Amino acid sequence: MNILVLNCGSSSVKFQIIATDVDAIEHNADRRLASGIIERIGGEAVLTFRVDGKVSRQTAPVRDHRQAVEQILRWACSGESGIAEVQSVADIHAIGHRVVHGGECFTHSTLITDEVIRGIEACIDLAPLHNPANLKGIRAGAEVFGPGFPQVAVFDTAFHQTLNEVAYLYALPYQLYRRHRLRRYGFHGTSFRYVAYRYRQLTGKSREETNIVALHLGNGCSACAIRAGASVDTSMGYTPLEGLMMGTRAGDIDPSIVDFLEMKEGFTAREIEALLNKQSGLLGVSGLTNDMRDLLDEIHEHDDRRAKLAVAMFCYRARKYIGAYLAAMGGADAVVFTGGIGENAAEVRTRICEGLEWFGLELDPAQNQALVNRREGVISREGSRLAAYVIPTDEELLIARDTARCVAGVPNPY
Ligand code: ADP
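What counts, and where the lines are drawn
Residues numbered from 1 in each chain as written. Predicted model: local features only at pLDDT ≥ 70, side-chain atom pairs only at ≥ 80, totals over all residues. Heavy atoms only, no water. UniProt positions renumbered as here; feature names shortened; annotations may be inferred. Phe/Tyr/Trp six-rings, centres within 6.5 Å; stacked < 30°, edge-to-face > 60°. Helix = DSSP H or I, 4+ residues; strand = E, 2+ residues; numbered from the N terminus. Buried < 20%, exposed > 50% of the residue type's maximum accessible area, 1.4 Å probe, protein only. Lys NZ or Arg CZ within 6 Å of the ring centre and 35° of its normal. Contact = heavy atoms within 4.5 Å. Polar contact = N/O pair within 3.5 Å; in protein donor to acceptor, adjacent residues only side chain to side chain. Disulfide = S-S within 2.5 Å. Pairing = 2+ DSSP bridges. Axes fitted to C-alpha atoms, helices over the stretch in contact; angles between N-to-C directions. Parallel < 35°, antiparallel > 145°, perpendicular 65-115°, else oblique. Left-handed = near helix turned anticlockwise from the far one by under 90°. Nonpolar A, V, L, I, M, F, W, Y, C, P; charged D, E, K, R; others polar. Near = heavy atom within 4 Å. Areas by Shrake-Rupley, 256 points an atom, 1.4 Å probe, with all protein chains shown as cover. Expected span 1.5 Å × (residues − 1).

- An unreviewed UniProt entry lists the protein chain under the name Acetate kinase, from Chloracidobacterium thermophilum.
- Annotation of the protein chain in UniProt includes, under Subcellular location (unreviewed entry), the sentence "Cytoplasm".
- In its Catalytic activity (unreviewed entry) section, the UniProt entry covering the protein chain states "acetate + ATP = acetyl phosphate + ADP".

Written out as structure tokens, the structure is:
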């Protein structure tokens, strides 16, 4: 079946069309037919479509998410797109939606019903920017394809619902958890689940034998302790702000800093949240950019002190989390890198792994340099007690597979 995978933001819709079904999943024979993004919804939008590496770009007025979905279909079904498998709307068989927050309601991907929509609405307080945009996408799907068309929600938080309360509770008065479900949820769940699955395929291990610390290092960054194939701890918390240093997010800070900034700088709570989310991290420390590639260039070309400091802090923090999770899990078999930085920045991987020799991690420098640009495999030396892998993530593929399985009524095995 051909699955339309949608990742809806407030003013953008990213999509892929992936051909898969239960049989294709078994044989790793899924096919990516097309991908693209519609940006600046609400005005003159920019539409970017990709098939077989060929990119086409156009602008058109796109009022809302419904029109965005219609634009995607119009293009996909036109001869111009060149997708042989999609000639008409009837050639799209289901939609898979990335949904950011499933709260404590959703532990697995699920077919969308009215009750599921109410559940996603109930999580809006937890993700006030993201869940409403995801719901717009779901409504657009129902409007364009008609009621009853199979749509599936795949939650970023679901994989972490296996966390034990010892790991997910904050040491706050317990009634705050009771009253507001204030706790660690974690994000990047679809990415971590995919990476754990690929690790099993690469190593031939069973789910029970899958004990890894995974690092998703992109613009957003988080770490996940995966024991016996399940998430047992993760660094993002109630929101994606907690944990590792990121492109523009501060990650862990002393919460008293909020009060201090209010007093000394006269910032409002909202301004401080914006500062912590949008002006901190690599951008805040370097004063230059949130982009790791540009920072590394800056270091190599100009030996910029603050760029060096930002990258050093980024790597140090990531290493600390690996150490913490190895202790929390009672050891692991591998550290797995994914996300734009984790997949491409060999230099950053080296620096994160420096000091992990004590845990038995010995990097293979040549392998580490070689595995970039979506190349997958091991980057530690043979015999290294703690291995290291690069596994390019593919959240869209997992969303498409979950969608195919939910539609077929087959349980998700991971
Ligand atoms: P997002 O979290 O938005 O999906 P990505 O996973 O694409 O982001 O990661 C973006 C980050 O990956 C940016 O900091 C970018 O500089 C970094 N990155 C991508 N390619 C490279 C590279 N070759 N070397 C270093 N960093 C890279």
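### Some details on the packing of aromatic side chains
- Taken as a whole and judged by the stated rule, the model has twelve aromatic pairs.
- Pairing Tyr185 with Tyr238 gives two aromatic rings, centres 6.4 Å apart and planes at 45°, and the pair type is tilted. Here Tyr185, found in the loop between helix H6 (174–180) and helix H7 (189–203), pairs with Tyr238, found in the loop between strand E11 (230–234) and helix H8 (256–265); they are 53 residues apart in sequence, far enough to count as distant.
- Taking the relative accessible area as the measure of exposure, Tyr185 reaches 1% and is therefore buried.
- In this structure Tyr238 comes out as partly exposed when scored by relative accessible area, which is 25%.
- Chaining the aromatic ring pairs together yields one cluster made of Phe15, Phe49 and Trp75.
- Looking at Arg181, its charged tip hangs above the ring of Tyr177, at a distance of 4.6 Å from the centre.

### Thoughts on the environment of Glu376
- Structurally, Glu376 can be placed in the loop between helix H15 (365–370) and strand E13 (377–378).
- With 177 residues separating them in the primary sequence, Glu376 and Tyr199 have C-alpha atoms 9.9 Å apart.
- Contact partners of Glu376, with chain neighbours within four places excluded, come to Arg198, Leu202, Leu371, Val390, Ile391 and Pro392.
- Within the structure, Glu376 has its side chain in polar contact with the side chain of Arg198 (distance 2.8 Å).

### Side note on the state of the cysteines
- Inspection of every chain in the model, using the stated rule, returns zero disulfides.
- Left unpaired, Cys105 is separated from the closest cysteine sulfur, that of Cys123, by 4.7 Å.

### Brief notes about the pairing of E11
- Within E11, four of the five residues are buried, which leaves it mostly tucked inside the rest of the structure.
- Where strand E10 (residues 221–227) lies against E11, four bridges are found, and the strand directions are antiparallel. By the bridge assignment, Ala225 is partnered in E11 with Asp233.
- With antiparallel pairing between neighbouring strands as the criterion, E10 and E11 make up a hairpin whose turn holds two residues, including Ala228 at a positive phi of roughly 50°.

### A look at the packing of helix H12 (residues 305–329) against helix H14 (residues 346–353)
- At a minimum axis separation of 8 Å, H12 and H14 run at an interaxial angle of 50°. The orientation of H12 relative to H14 falls into the category oblique. The chirality of how H12 crosses H14 is right-handed. For the pair formed by H12 and H14, the contact residues are Val311, Ala312, Phe314, Cys315, Ala318, Arg319 and Ile322 on the first element and Val348, Arg351 and Ile352 on the second.
- Considering only residue class, the contact of H12 with H14 consists of eight nonpolar, no polar and two charged.

### Digging into the site of the ligand
- Every residue lining the ligand is accounted for by Gly218, Asn219, Gly220, Asn290, Asp291, Met292, Arg293, Gly339, Gly340, Ile341, Asn344 and Ala345.
- Note that an oxygen atom of the ligand is positioned 3.0 Å from one of the backbone N or O atoms of Arg293.
- When the free accessible area of the ligand is taken as 570 Å², the share hidden by the protein chains comes to 68%.
- By residue number, the principal contributor to the shell around the ligand is helix H13 (residues 339–344), which donates four residues.
- Classifying every residue of the shell around the ligand by side-chain character gives three nonpolar, seven polar and two charged.

### Re helix H4 (residues 130–145)
- Helix length check: H4, at 16 residues, gives a terminal C-alpha distance of 23 Å against a target of 22 Å (1.5 Å per residue), a fit within 8%.
- What H4 keeps buried is the set Asn131, Ala133, Asn134, Leu135, Gly137, Ile138, Ala140, Gly141 and Phe145.
- Check the buried side of H4 and you find it contacts strand E1 (2–8), helix H2 (65–77), strand E6 (94–99), helix H3 (114–122) and strand E8 (151–155).
- One or two residues past the end of H4 sits Gly146, with phi positive at roughly 95°.

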